[in-house]
Amino acid sequence: MKMVMAVIKPFKLDDVREALTAQGIEGLTVTEVKGFGRQKGQTEVFRGAEYTVSFLPKVKIEVVIEDDAVDNVVEAIQNAANTGRIGDGKIFVYDVSHAVRIRTGETGDEAV
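Just so you know, the residues in each chain are numbered from 1, in the order the chain's sequence is written. In view of the model being predicted, local features appear only for residues whose pLDDT reaches at least 70, and side-chain atom pairs are presented and counted only at 80 or more, with totals across whole chains, interfaces and linings using the full set of residues. With hydrogens and water set aside, each side-chain value is computed from the structure's full complement of heavy atoms.

## Description of the pattern of salt bridges
Here's step 1: The salt bridge criterion pairs a side-chain nitrogen of Lys or Arg with a carboxyl oxygen of Asp or Glu, the two atoms within 4 Å. Taken as a whole and assessed by the stated rule, the structure comprises 5 salt bridges.
Here's step 2: As a salt-bridge pair, D88 and K9 come within 3.7 Å of each other at their nearest N and O atoms. Of the two residues, D88 sits in the loop between α2 (70–81) and β6 (89–95) while K9 sits in the loop between β1 (2–8) and α1 (13–22), which places them 79 residues apart along the sequence. The pair formed by D88 and K9 is uniform in burial state, with each residue classed as buried.
Here's step 3: Between E62 and K60 there is a salt bridge; the shortest N-O distance is 4.0 Å.
Here's step 4: Given a relative accessible area of 22%, K60 falls into the partly exposed group. The helix and strand labels rest on DSSP assignments: H or I over at least four residues marks a helix, E over at least two residues marks a strand, and numbering proceeds from the N terminus. We call a residue buried when its accessible area falls under 20% of the maximum for its residue type, exposed when it is over 50%, and partly exposed in between, using a 1.4 Å probe and counting protein chains only.

Below you can see the structure in the form of structure tokens.
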């Protein structure tokens, strides 16, 4: 099993969710986060005063899938989240050694 974690722009969440649903993904976790990468934040103006926002709002999506679905899921996220502009985000893939469905006690792939 693998965990695919993607950090994307918030307005792309619905596009990514639809792309994952089309890939057969039945569940995912979404968290509102803040961060910055190469763009190092941005400058904004509020009531005539300029200030720097160091941490930009992002959305973190986490989904656990079977190994053979990784390439399709990563491609679906990448295509759906891409705007072609800086700050589109990142995708990370982790190994998951064990999973348990709390309600039924199922383990491994059956728990996902």
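## Concerning the sheet that holds β1
Here's step 1: Pairing in this open sheet of 4 strands is antiparallel, and the strands run β2-β5-β1-β6 from one edge to the other. Pairing within the sheet leaves two strands with one partner each, and these edge strands are β2 (29–35) and β6. Across this sheet, the average inter-strand angle for adjacent strands is 20°, counted without regard to direction.
Here's step 2: Any pair of residues with heavy atoms lying within 4.5 Å of one another is described as a contacting pair. Orientation is described by axes fitted as lines to C-alpha atoms, over the contacting stretch for helices, and by angles from 0 to 180 degrees between their N-to-C directions. Sitting on the sheet, α1 is in contact with β1, β2 and β5 (56–65), with an inclination near 10° to β5.
Here's step 3: Lying over the sheet, α2 contacts β1, β5 and β6, oriented at roughly 5° with respect to β1. A pair of strands is treated as paired once DSSP finds two or more bridges between them.

## Quick notes on the packing of α1 against α2
Here's step 1: Their axes nearest at 8 Å, the elements α1 and α2 cross at an angle of 150°. The angle between the axes of α1 and α2 places the two elements in the roughly antiparallel class. Both α1 and α2 take part in a crossing whose hand is right-handed. Where α1 abuts α2, its residues D15, V16, A19 and L20 lie against V73, A76, I77, A80 and A81.
Here's step 2: We call Asp, Glu, Lys and Arg charged. Ala, Val, Leu, Ile, Met, Phe, Trp, Tyr, Cys and Pro are nonpolar, and the rest, Gly among them, are polar. Here the contact of α1 with α2 is built from residues that sort into 8 nonpolar, no polar and 1 charged. Roughly parallel here means an angle under 35 degrees, roughly antiparallel means over 145, roughly perpendicular means 65 to 115, and every remaining angle is called oblique. Two helices crossing with the near one rotated counterclockwise from the far one by less than a right angle form a left-handed crossing, whereas a clockwise rotation gives a right-handed crossing.

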